[in-house]
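These are the residues of each chain, in order.
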Amino acid sequence: MDYKLIRSKRKSIAIEIDKAGTVTVRAPYRMPNVAVKAFIEEKQDWIRKHIRKAEEMSLKATDIEPLTEEELDKLYDEAKEDIPKRVRYYAELMGVDYGRITIRCQKTRWGSCSAKGNLNFNCLLMLAPSDVRDYVIIHELAHRKHMNHSKNFWKEVEIMIPDYKEKRKWLNTSGEEVIQIKRAME
């Protein structure tokens, strides 16, 4: 099995598989090569499973029809109309304030919150179910109380959306297909 080995000051060994199916092993400097190879042998089934997933996602990406400029403009307009209303609604419920709201069409992010409280959202959220869209909005607003992903942050999200893990799961699976639409346009 081919893999790229990166050694560093880390204390444990880890395996990463990117979207192209490339396997990267990160290991401590002092870990013997024989131990690295044994770890990879032990994790072969897991590695193969994730390489297959990456290949399937890659195949799906080639089947995706890119949006036309008109369709993208419509999504952008819908997002500019819908998302600020939802942000105002949830910000009031959560007792937080925020700066400006920016809508973009992004390749990797669904949303972000700056230290100044400015919120950014991906117009492709309009292709997601409304409860997933609300999750992303609440996630970013929760950063107004906790600018990290600590336990307290996730408690804040869970107060608003008790099944937030299901929404995250959608973003990690079906959401990847939505993001591929943007990549297909380039």
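As the structure is a computational prediction, the values presented were derived from the model and not from experiment. (Residues numbered from 1 in each chain as written. Predicted model: local features only at pLDDT ≥ 70, side-chain atom pairs only at ≥ 80, totals over all residues. Heavy atoms only, no water.)

**Details of the environment of arginine 144**
Along the chain, the position of arginine 144 falls in the loop between α4 (130–142) and α5 (151–160). For the pair arginine 144 and glycine 95, spaced 49 residues apart in the sequence, the C-alpha separation amounts to 9.6 Å. Leave out the neighbours within four places in its chain, and arginine 144 touches Val96, Asp97, Tyr98, Cys113, Ala115, Lys116 and Gly117. Engagement of the side chain of arginine 144 in a polar contact is seen with the backbone oxygen of aspartate 97, the distance being 2.8 Å. (Helix = DSSP H or I, 4+ residues; strand = E, 2+ residues; numbered from the N terminus. Contact = heavy atoms within 4.5 Å. Polar contact = N/O pair within 3.5 Å; in protein donor to acceptor, adjacent residues only side chain to side chain.)

**Looking at the confidence of the model for the protein chain**
Segments scoring low in pLDDT should not have their predicted coordinates read at a detailed level. Summary statistics for the protein chain give a mean pLDDT of 89 and a share of 91% for residues scoring 70 or more. When the elements of the protein chain are averaged for pLDDT, helix α7 (residues 174–184) gives the smallest value, 67, and α4 the largest, 97. (pLDDT = per-residue confidence, 0-100.)

**Quick notes on the environment of valine 23**
You can see valine 23 is positioned in strand β3 (residues 23–28). In this structure, the C-alpha to C-alpha distance between valine 23 and arginine 48, residues 25 residues apart in sequence, is 9.8 Å. Once residues lying within four places of it in the same chain are set aside, the contact partners of valine 23 are Asp2, Tyr3, Lys4, Ile15, Glu16, Ile17, Ile47 and Ile51.

**Some words on helix α1 (residues 33–42)**
Of the residues making up α1, those classed as buried are Val36, Phe39 and Ile40. Seen from one end, α1 has its buried residues packed into an arc of 100 degrees, which puts them on one side. Away from its buried face, by an angle of more than 90 degrees, α1 presents the exposed residues Val34, Lys37, Glu41 and Glu42. (Buried < 20%, exposed > 50% of the residue type's maximum accessible area, 1.4 Å probe, protein only. Arc of directions from axis to C-beta.)

**Let's talk about the sheet that holds strand β4 (residues 101–104)**
On the basis of which strands lie adjacent, the open sheet formed by 3 strands has the order β4-β6-β5 and mixed pairing. Edge positions in the open sheet fall to β4 and β5 (111–113), since each of these has one partner strand only. Shown here is a sheet whose adjacent strand axes are inclined to one another by a mean of 15 degrees, direction ignored. Contacts between helix α3 (residues 69–94) and the sheet are confined to β4 and β6 (119–122), with β4 contributing the most and set at about 150 degrees to the helix. Contacts between α4 and the sheet are confined to β5 and β6, with β6 contributing the most and set at about 160 degrees to the helix. (Pairing = 2+ DSSP bridges. Axes fitted to C-alpha atoms, helices over the stretch in contact; angles between N-to-C directions.)

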